[in-house]
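Overview (structure and organization)
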Amino acid sequence: AQTVTQSQPEMSVQEAETVTLSCTYDTSESDYYLFWYKQPPSRQMILVIRQEAYKQQNATENRFSVNFQKAAKSFSLKISDSQLGDAAMYFCAYRSGYGGATNKLIFGTGTLLAVQP
Amino acid sequence: NAGVTQTPKFRVLKTGQSMTLLCAQDMNHEYMYWYRQDPGMGLRLIHYSVGEGTTAKGEVPDGYNVSRLKKQNFLLGLESAAPSQTSVYFCASTPALVTRGEAFFGQGTRLTVV
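Numbering of residues begins from 1 in every chain and follows the order in which that chain's sequence is written. The order in which chains are written sets their letters, starting at A; the order in which ligands are written sets their numbers, starting at 1. For this predicted model, a pLDDT threshold of at least 70 governs which residues receive local features, and a threshold of 80 or more governs which side-chain atom pairs are given and counted, while totals over whole chains, interfaces and linings are taken from all residues. Side-chain calculation: all heavy atoms of the structure are included, whereas hydrogens and water are not.

1. Observations regarding the overall build of chain A
- Within chain A, the regular secondary structure consists of 0 helices and 12 strands.
- Ordered by position in the sequence, the α and β elements of chain A form the string β-β-β-β-β-β-β-β-β-β-β-β.
- This radius of gyration counts C-alpha atoms alone. The globule rule is 2.2 Å times how many residues there are, raised to the power 0.38. Here the C-alpha atoms of chain A give a radius of gyration of 14 Å, agreeing with the 13 Å that 2.2 N^0.38 yields for 117 residues.
- Reported as C-alpha extents along the three principal axes, the dimensions of chain A are approximately 45 × 30 × 20 Å.
- Per-residue accessibility, obtained with a 1.4 Å probe over protein chains only, is compared with the maximum for each type, and a residue is labelled buried under 20%, exposed over 50%, and partly exposed between these values. Relative to its full complement of 117 residues, chain A shows a buried share of 50%.
- Taking all contacts inside chain A whose residues are at least 6 apart in sequence as the whole, residues at least 24 apart take part in 56%.
- For every accessible area listed, the method is Shrake-Rupley and the probe measures 1.4 Å; residues are considered covered only by the protein chains on display. Of the roughly 5,500 Å² of accessible surface on chain A, a fraction of 48% belongs to carbon and sulfur atoms.
- Placing the 10 positive and 10 negative side-chain charges of chain A at their respective mean positions leaves the two points 7 Å apart. Working definition: helices are DSSP H or I runs of at least four residues, strands are E runs of at least two. Numbering for both runs from the N terminus. Any pair of residues with heavy atoms lying within 4.5 Å of one another is described as a contacting pair. Asp and Glu are treated as the negative residues and Lys and Arg as the positive ones, with His and the ends of the chain left uncounted. To locate a charge, take atom NZ for lysine, CZ for arginine, CG for aspartate or CD for glutamate.

Shown next, in the form of structure tokens:
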């Protein structure tokens, strides 16, 4: 079974600085997708960034980028030029690239990011 | 607006009472999921469905039942609520293949069992 691990329950960053959130996963599949979701206090789940396992190039979305290390099964999120609005819970998630009954969206335990002014 | 709608948003139950949470999506997604979110534990999968009429157990299925009689609806039932089921519940839907789109989430249901 696939698992997702986030080892940092809480992180803090100064406004305008850079922070990296860690995520590791375990799978025997070769086709899968990885995601980072943001959950602000409103509870809304917002997709931040997505990475396809078959792509070697790391995904980037404006100030958000990932460091995808497939062999190490590591998928970290880097937030550059942190803003107060980045304060939220961040979840790493995995989904199989194969269809069928085993296709589930699996989450880590989350990292609560605080942004200090 | 297209999306996932959960009903209700808040609920307080007494131990032993039953209730049903409704999730509705209008995006014609094949897959639907129910999660519970508890502090320090992330989102844990309760049950999921890969199509109309089919359901499967997730990580924490005990004490819950589900049904998917229509493709757009996924119901989560608590037959006899327990304080351990106090949580925030999220429904999500996705296309069958990731290449066809991302997951959409409902706004969550905060359930308190006293």
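2. Looking at the side chain of Gln37 of chain B
- Of note, Gln37 of chain B is situated in strand 4 (residues 31–38).
- Any pair of nitrogen or oxygen atoms within 3.5 Å is treated as a polar contact; in protein, a donor-acceptor pairing is required on top of that, and neighbouring residues in sequence qualify only through side-chain atoms on both sides. Among the polar contacts made by the side chain of Gln37 of chain B, one reaches the side chain of Gln39 of chain A at a distance of 2.7 Å.

3. Notes on the confidence of the model for chain B
- Confidence of the predictor at the level of single residues is captured by pLDDT, which takes values from 0 to 100. The predicted model of chain B has a mean per-residue pLDDT of 93, with 96% of residues at 70 or higher.
- Averaged over each element, pLDDT in chain B is lowest for strand 6 (residues 54–57) of chain B (93) and highest for strand 8 (residues 73–78) of chain B (98).

4. Here's the deal with the interface of chain B and chain A
- Contact residues are listed per partner, giving 28 residues for chain B and 22 residues for chain A.
- By convention, the term buried area covers the 1.4 Å-probe accessible surface removed from two parts as they join, with the contributions of both added. Taken together, both faces of the contact between chain B and chain A bury some 2,000 Å²; the carbon and sulfur share is 55%.
- When a carboxyl oxygen of Asp or Glu lies within 4 Å of a side-chain nitrogen of Lys or Arg, that pair is called a salt bridge. Counting every contact that joins chain B to chain A gives 1 salt bridge.
- Here Arg50 of chain A and Glu102 of chain B are joined by a salt bridge, their closest N and O atoms 2.5 Å apart.
- Listing elements by their share of the side of chain B that touches chain A, those giving two or more residues are strand 4, strand 5 (42–51), strand 9 (87–94) and strand 11 (109–113) of chain B.
- Considering every element that reaches the side of chain B that touches chain A, the biggest residue donor is strand 5 of chain B, with 5 residues.
- Residue polarity is assigned by list, with Asp, Glu, Lys and Arg as charged and Ala, Val, Leu, Ile, Met, Phe, Trp, Tyr, Cys and Pro as nonpolar; anything else, Gly included, falls into the polar class. Along the lines of polarity and charge, the residues of the side of chain B that touches chain A split into 17 nonpolar, 8 polar and 3 charged.

5. Examining the nonpolar core
- Take the buried Ala, Val, Leu, Ile, Met, Phe, Trp, Tyr and Cys residues and link them wherever side-chain atoms come within 4.5 Å; each set so joined is a nonpolar core. Ranked by internal contacts, the top residues of the largest apolar core, which has 26 residues, are Tyr25, Trp36, Phe75, Leu77 and Tyr90 of chain A.
- Among the secondary structure elements, those contributing two or more residues to this core are strand 3 (19–21), strand 5 (32–39), strand 6 (46–52), strand 8 (64–69), strand 9 (74–79), strand 10 (88–96) and strand 12 (111–116) of chain A.
- Counting residues per element, this core draws most heavily on strand 10 of chain A, at 4 residues.
- Excluding residues that lie within four positions of it along the chain, Leu77 of chain A makes contacts with Val19, Thr20, Leu21, Trp36, Val48, Ile49, Phe64, Ser65, Val66 and Tyr90 of chain A.
- Ala93 of chain A together with Val88, Phe90 and Phe105 of chain B belong to the second-largest nonpolar core, a separate cluster that totals 21 residues.

6. Structural notes on the packing of aromatic side chains
- Any Phe, Tyr or Trp ring, taking Trp's six-membered ring, that has another such ring centre within 6.5 Å forms a pair; planes under 30 degrees apart are called stacked, those over 60 apart edge-to-face, and the others tilted. Across all of its chains, the model carries 15 aromatic pairs over all chains by this definition.
- Look at Phe107 of chain A and Phe105 of chain B: their rings are 5.9 Å apart centre to centre, the planes differ by 70°, and that puts the pair in the edge-to-face class. Remark: Phe105 of chain B occurs in strand 10 (residues 104–105) and Phe107 of chain A occurs in strand 11 (residues 105–107); the pair is interchain, linking two chains. With respect to burial, Phe107 of chain A and Phe105 of chain B carry one shared label: buried.
- Look at Tyr33 of chain B and Tyr35 of chain B: their rings are 6.0 Å apart centre to centre, the planes differ by 25°, and that puts the pair in the stacked class. When sorted by exposure, Tyr33 of chain B lands in the same class as Tyr35 of chain B, which is buried.
- What links up through ring pairs into an aromatic cluster is the set Phe35, Tyr37, Phe91 and Phe107 of chain A together with Tyr33, Tyr35, Tyr48 and Phe105 of chain B.

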